[in-house]
Amino acid sequence: MYPLKFHPILKSTIWGGEKIAAFKHIENAAPAVGESWEVSDVPGNESVVANGAFADEKLSTLVAKYKGALVGEENYKRFGDRFPLLIKFIDANDDLSIQVHPDDNIAMERHKSMGKTEMWYVMENCDAHAKLRSGLNRELTPEEYETMVKNNTICEALAEYNVKSGDVFFLPAGRIHSIGAGCFIAEIQQTSDITYRIYDFDRRDKDGNARELHTEQAKSVIDYSVHSDYRTNYVAKQNEGIELVSCPYFTTSVYDLTESMTLDYTELDSFVILIGLEGSAVVTDENGERLSLRAGETILLPAALKDVTIYPEGNVKFLETYV
């Protein structure tokens with residue numbers, strides 16, 4: 001087993017921009033790319049390996065073949081042949097819809113799918129005026145929610161944040177949210193494409209059609225509790241890992257390195273994903289395999305690998321996530 005890179009799955013959207021292609025050094029990309037799916041096992045959108053002996057193999061094929069050696073023994077018992085995380089870069093040139101995601105129980109009952117808990121890390125290319133919405137700013141009953149959606153006033157009940165590079169938001173299933181225009185983020189989530197769209201600003205697609213709304217389905221899954229601050233607060237430091245989120249579905253840390261560091265996974269029974277945010281580095285595994293980690297690149301370290309050493313080329317910032 002060796003560190004894996006994948007071909008990105010680029011998604012053109014009605015709200016997408018032009019940042020992803022430049023960030024990932026992709027030429028001749030389609031216009032309005034809203035998302036790059038970096039690691040995906042969503043049916044119909046399975047990542048394909050881009051490097052080494054497994055090149056052109058689907059991630060789903062590798063999970064089924066190598067099982068715990070790829071994802072970790074306990075992860076394989078828990079998730080089977082379905083890789084449990086979906087990693088994305090998102091470029092919002094316009095506001096995304098107001099939406100919410102169901103938890104595991106409801107998603108399985110309604111859609112035979114995992115639920116969708118996720119997190120956002122706001123990246124350097126974020127616009128100065130960028131905002132996003134996460135959670136409620138007031139108490140609402142389900143009936144009041146429904147009325148506000150019908151009156152096009154639901155945004156008034158959402159907590160809104162001006163955001164900058166390094167901001168982090170954790171979004172458990174059930175938390176109403178929206179990514180605003182100008183946001184450029186890395187998203188880590190459960191492997192699920194189940195989204196309940198609540199409000200879409202009366203937007204139309206290129207054919208003049210409104211997108212489907214799921215107001216009633218969302219009504220029963222929204223977490224109506226109110227918090228004073230929905231941001232994840234942490235103290236940024238150089239040359240050590242800073243944990244950002246730890247939940248039953250993933251643990252994520254950020255590293256900002258100017259000197260080499262060995263990441264020891266001897267006690268970890270999981271794959272690890274490294275997501276390049278800024279700068280570049282050379283990653284060397286225990287077998288001497290070397291590959292680059294640049295901003296815009298993502299690496300999957302199989303569970304069978306027990307350590308890697310990161311050699312920054314000046315400076316490198318990346319996210320580390322595992323289950």
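Bear in mind the structure is a predicted one, so any value in this text is a computation, not a measurement. (Residues numbered from 1 in each chain as written. Predicted model: local features only at pLDDT ≥ 70, side-chain atom pairs only at ≥ 80, totals over all residues. Heavy atoms only, no water.)

1. A word on the overall build of the protein chain
Right, so step 1: Of regular secondary structure, the protein chain possesses seven helices and 20 strands.
Right, so step 2: The C-alpha radius of gyration of the protein chain comes to 19 Å, within 12% of the 20 Å expected for a compact globule of 323 residues.
Right, so step 3: In terms of overall dimensions, the protein chain has a C-alpha envelope of 60 × 40 × 40 Å along the principal axes.
Right, so step 4: By sequence separation, contacts in the protein chain at least 24 residues apart represent 75% of the contacts at least 6 residues apart.
Right, so step 5: Accessible surface for the protein chain amounts to roughly 13,800 Å². Of this, 44% is attributable to carbon and sulfur atoms. (Helix = DSSP H or I, 4+ residues; strand = E, 2+ residues; numbered from the N terminus. Rg over C-alpha atoms; globule rule 2.2 N^0.38 Å. Contact = heavy atoms within 4.5 Å. Areas by Shrake-Rupley, 256 points an atom, 1.4 Å probe, with all protein chains shown as cover.)

2. Observations regarding the nonpolar core
Right, so step 1: Of all hydrophobic cores here, the largest spans 42 residues; its most connected members are Leu4, Phe83, Tyr121, Leu300 and Leu319.
Right, so step 2: Those residues in contact with phenylalanine 83 that lie beyond four places of it in its chain are Val39, Asp41, Leu59, Val63, Val71, Thr191, Phe271, Ile273 and Leu300. (Core = buried A, V, L, I, M, F, W, Y, C linked by side-chain atoms within 4.5 Å. Buried < 20%, exposed > 50% of the residue type's maximum accessible area, 1.4 Å probe, protein only.)

3. Structural notes on the packing of aromatic side chains
Right, so step 1: For the structure shown, the criterion picks out 11 aromatic pairs.
Right, so step 2: With a centroid separation of 5.3 Å and an interplanar angle of 45°, the aromatic rings of phenylalanine 54 and tyrosine 66 are classed as tilted. Of the two residues, phenylalanine 54 is situated in the loop between β4 (45-46) and α2 (59-66) and tyrosine 66 in helix α2; the sequence distance between them amounts to 12 residues.
Right, so step 3: An aromatic cluster of at least three residues, connected via ring pairs, comprises Tyr2, Phe54 and Tyr66.
Right, so step 4: When the ring centre of tryptophan 37 is taken as reference, the NZ or CZ atom of lysine 11 above it lies at 4.5 Å. (Phe/Tyr/Trp six-rings, centres within 6.5 Å; stacked < 30°, edge-to-face > 60°. Lys NZ or Arg CZ within 6 Å of the ring centre and 35° of its normal.)

4. Considerations on the sheet that holds strand β5 (residues 85-91)
Right, so step 1: Strands sit in the order β1-β2-β5-β12-β7-β10 across an open sheet of six strands; the sheet is antiparallel. Sheet topology places β1 (9-17) and β10 (168-171) at the edges, where each strand pairs with a single neighbour. For this sheet, the mean angle separating the axes of adjacent strands, direction not counted, is 20°.
Right, so step 2: With five bridges connecting them, strand β7 (residues 118-122) and strand β12 (residues 184-190) associate as antiparallel partners. If you follow tryptophan 120 over to β12, its bridge partner there is glutamate 187. (Pairing = 2+ DSSP bridges. Axes fitted to C-alpha atoms, helices over the stretch in contact; angles between N-to-C directions.)

5. Re the environment of glycine 208
Right, so step 1: Assignment of secondary structure puts glycine 208 in the loop between β13 (196-199) and α7 (215-219).
Right, so step 2: Taking the C-alpha atoms as reference points, glycine 208 and alanine 64, 144 residues apart in sequence, are found 42 Å from one another.

6. Comments concerning the pairing of strand β8 (residues 131-136)
Right, so step 1: With five of six residues buried, β8 is to be regarded as a mostly interior element.
Right, so step 2: Two strands pair when backbone bridges link them, and β8 and strand β9 (residues 158-162) are joined in this way by four bridges, in the antiparallel orientation. Considered in β9, the bridge of arginine 133 is made with glutamate 160.
Right, so step 3: Note that β8 and strand β11 (residues 177-179) share three bridges and pair antiparallel. Bridged to leucine 132 within β11 is isoleucine 179.

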